[in-house]
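# Coordinates in review
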Amino acid sequence: MRLRTVLATVTAGLAAATCLSAAGPATATTTTITAANTTTNSACSPSVSIGGFSDALDKTAFGGYFVGNLSALAVDKDGSLAALADRSYLFDLDAKTLAPKKVVGLADENGAALDSEGLAVDRDGTRLITSETEPSVRRYSADGRILDRLPVPSSLLVSPAGRATSNQTFEGLTLLNGGRTLLAAMEDAISGDTPGTVRFQTWRRTRGDHFELSAQYAYRTDDPSLGVPEVQALPDGRLLVLERGFTSGVGNTVRLFLADPRHATDTRGIENLTGQTGVRLIRKTLLTDIATCPSLGATARQPQPNPLLDNIEGMVVTGHAKGRYQVLLVSDDNQNAAQTTRFYRLSVRVG
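None of these values were measured; they are calculated from a predicted model.

## Some words on the packing of aromatic side chains
Using the criterion set out here, one finds four aromatic pairs in the structure. Between the aromatic rings of Tyr-89 and Phe-91, the centroid separation amounts to 5.4 Å while the plane-to-plane angle is 85°, which identifies the pairing as edge-to-face. On the accessibility criterion, Tyr-89 (6% relative accessible area) is buried. Under the relative-accessibility criterion, Phe-91 is labelled buried at 1%. Judged by centre distance (5.3 Å) and plane angle (10°), the ring pair of Phe-200 and Tyr-219 falls under stacked.

## A short note on the sheet that holds strand β11 (residues 116–121)
Taken together, the four strands give an open sheet; going across it, the order is β11-β12-β13-β14, and neighbouring strands pair in antiparallel fashion. Among the strands making up the open sheet, the edge pair consists of β11 and β14 (146–149). Pairs of neighbouring strands in the sheet enclose a mean axial angle of 25°, with direction left out of account. Pairing of strand β13 (residues 136–140) with β14, which is carried by three bridges, proceeds in the antiparallel orientation. Its bridge partner being in β14, Arg-138 is matched across the sheet by Arg-149.

## Comments concerning the state of the cysteines
For the coordinates displayed, the defined rule picks out one disulfide. Disulfide partner of Cys-44: Cys-293, at an S-S distance of 2.0 Å. Torsion about the S-S bond of the Cys-44 and Cys-293 cystine: about 110°, corresponding to right-handed handedness. Taken together, the residues span a long stretch of sequence, with Cys-44 in the loop between α1 (39–42) and β4 (48–54) and Cys-293 in the loop between β22 (283–289) and β23 (312–321) at a distance of 249 residues. Grouping residues by exposure puts Cys-44 and Cys-293 together as buried.

## Some thoughts on the pairing of β13
With five of its five residues buried, β13 lies for the most part within the structure. Here β13 shows two buried faces, one formed by Ser-136, Arg-138 and Tyr-140 and the other by Val-137 and Arg-139. Direction of pairing for strand β12 (residues 127–131) relative to β13: antiparallel, over a ladder of five bridges. Each residue of the ladder has a partner; that of Arg-127, found in β13, is Tyr-140.

## Structural notes on the nonpolar core
Counting 32 residues, the largest nonpolar core has Leu-182 and Phe-200 as the members making the most contacts within it. Residue assignment for this core shows that the elements contributing at least two residues are β15 (170–176), β16 (181–186), β17 (197–205), β18 (211–220), β19 (227–233), β20 (239–247) and β21 (251–260). Here the element with the most residues in this core is β16; it accounts for five residues. Each residue touching Leu-182, except ones within four places of it in the same chain, is listed here: Ala-120, Leu-128, Val-137, Leu-150, Leu-173, Thr-174, Leu-175, Leu-176, Gln-201, Thr-202, Trp-203 and Phe-211.

## Some thoughts on the layout of surface pockets
With a probe scaled to a water molecule rolled over the atoms, the places where space remains empty come into view. The volume enclosed by the largest pocket comes to roughly 520 Å³. Lining the largest pocket are 27 residues, with Val-75, Val-121, Thr-174, Leu-175 and Gln-232 positioned closest to its centre. Elements represented by at least two residues in the lining of the largest pocket include exactly β7 (70–75), β11, β15, β19 and β23. Here the lining of the largest pocket is composed, by residue class, of 15 nonpolar, seven polar and five charged.

## Some remarks on the pairing of β11
Burial runs high along β11: six of the six residues are buried. As paired strands, β11 and β12 are joined by four bridges and run antiparallel to one another. Each bridged residue has a counterpart across the sheet, and for Leu-119 the counterpart in β12 is Ile-129. Where β11 folds back onto β12 in an antiparallel hairpin, the turn is made up of five residues, including Gly-125, whose phi is positive at roughly 90°.

## Topic: the sheet that holds β17
Taken together, the four strands give an open sheet; going across it, the order is β15-β16-β17-β18, and neighbouring strands pair in antiparallel fashion. The outermost strands of the open sheet, each flanked by one partner alone, are β15 and β18. Between one strand axis and the next, the sheet turns through 20° on average, direction left out of account. Pairing geometry for β16 and β17, over five bridges, is antiparallel. Along β17, the bridge assignment pairs Ala-184 with Gln-201.

## Observations concerning unusual backbone geometry
A cis geometry characterises the amide bond from Glu-134 onward to Pro-135, with omega recorded as -5°. Note that Pro-135 resides in the loop between β12 and β13. Looking along the chain, the bond that leaves Ser-159 and enters Pro-160 is cis, with omega of 15°. Along the chain, Pro-160 falls in the loop between β14 and β15. Unusually for a residue other than glycine, Asn-69 sits at a positive phi of about 55°. Topologically, Asn-69 is positioned in the loop between β6 (65–67) and β7. Unlike most non-glycine residues, Ser-88 shows phi in positive territory, near 80°. For Ser-88, the location among the structural elements is in the loop between β8 (81–85) and β9 (89–93).

Here is what the cut-offs are and how they apply
Residues numbered from 1 in each chain as written. Predicted model: local features only at pLDDT ≥ 70, side-chain atom pairs only at ≥ 80, totals over all residues. Heavy atoms only, no water. Phe/Tyr/Trp six-rings, centres within 6.5 Å; stacked < 30°, edge-to-face > 60°. Buried < 20%, exposed > 50% of the residue type's maximum accessible area, 1.4 Å probe, protein only. Pairing = 2+ DSSP bridges. Helix = DSSP H or I, 4+ residues; strand = E, 2+ residues; numbered from the N terminus. Axes fitted to C-alpha atoms, helices over the stretch in contact; angles between N-to-C directions. Disulfide = S-S within 2.5 Å. Core = buried A, V, L, I, M, F, W, Y, C linked by side-chain atoms within 4.5 Å. Contact = heavy atoms within 4.5 Å. 1 Å grid on protein atoms, 1.4 Å probe; cavity = no way out; pocket = protein on both sides within 12 Å on 5 of 7 lines; lining within 4 Å. Points joined across faces, edges and corners; volume = space filled by probe spheres on them. Nonpolar A, V, L, I, M, F, W, Y, C, P; charged D, E, K, R; others polar.

If you want it as structure tokens, here you go:
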């Protein structure tokens, strides 16, 4: 992974001016969401507006764990939030206050730590979690026990076993088609594919809530310097996709797209994706560049095109009302003094 992933979830209950606290035995902080005041100054684009942001959990701790390094967010079946740290642990967060309520350590079958990046909560409350190390997708119980491990195509394994680059594999994970399909997004292209052409792998649910390999699709980022840190499914089968990059001395690029895999070519049988004719890529439409959002008084600890920006890696859809989706983003601070764990509340309209 070029940039560490943060999955943390704030829900629609994170209304503007709500006070959030990060409770824990080590450090605790209380901050207020800085919110946009009017419809006019909250617009990022015609499709996206920002309701506010919160740094409430930045540089805090809970249960002996640093509250940061967050790589993925998910809404649990009871409406609470699950927030995955890429250093092999999983938080339960209060949906309204973001206060951590529980933390569970994660490991592989041999007890080794994961590079845990993608998270989806299944309908029975079990957690589907990716690790970039191999890469892998495993099912865990809520208390951290391994229940299942999904097959992965050999081409997507890290070299020399496959053609993927270490730390540039499964970053995003989401359930779609009413939970019948699981989709994982590679962060970057595998060897032999054109740079910027990213493979999205799917699995089909079988009996006993197992998953078997299914279709694979190709998605092209706006620039080869951008990767895909997160995807989230919408009810109609389309996806929200984040593209993200970093330039030293300049800062982060983070863009939000609406993507449609429903008519894309199944690329399972195509060894190299090099722009050949007859391959239909996942269609996409830019919803917004986060740099165009109002800064809302945010400050940055390193150069950024907009001080609101940081290393955004996590995204979750928390609700839908009046034709708009409520979307929460979170940035991964990499446990770095120059970065911030920040939550962003967006309202997104899709056509």
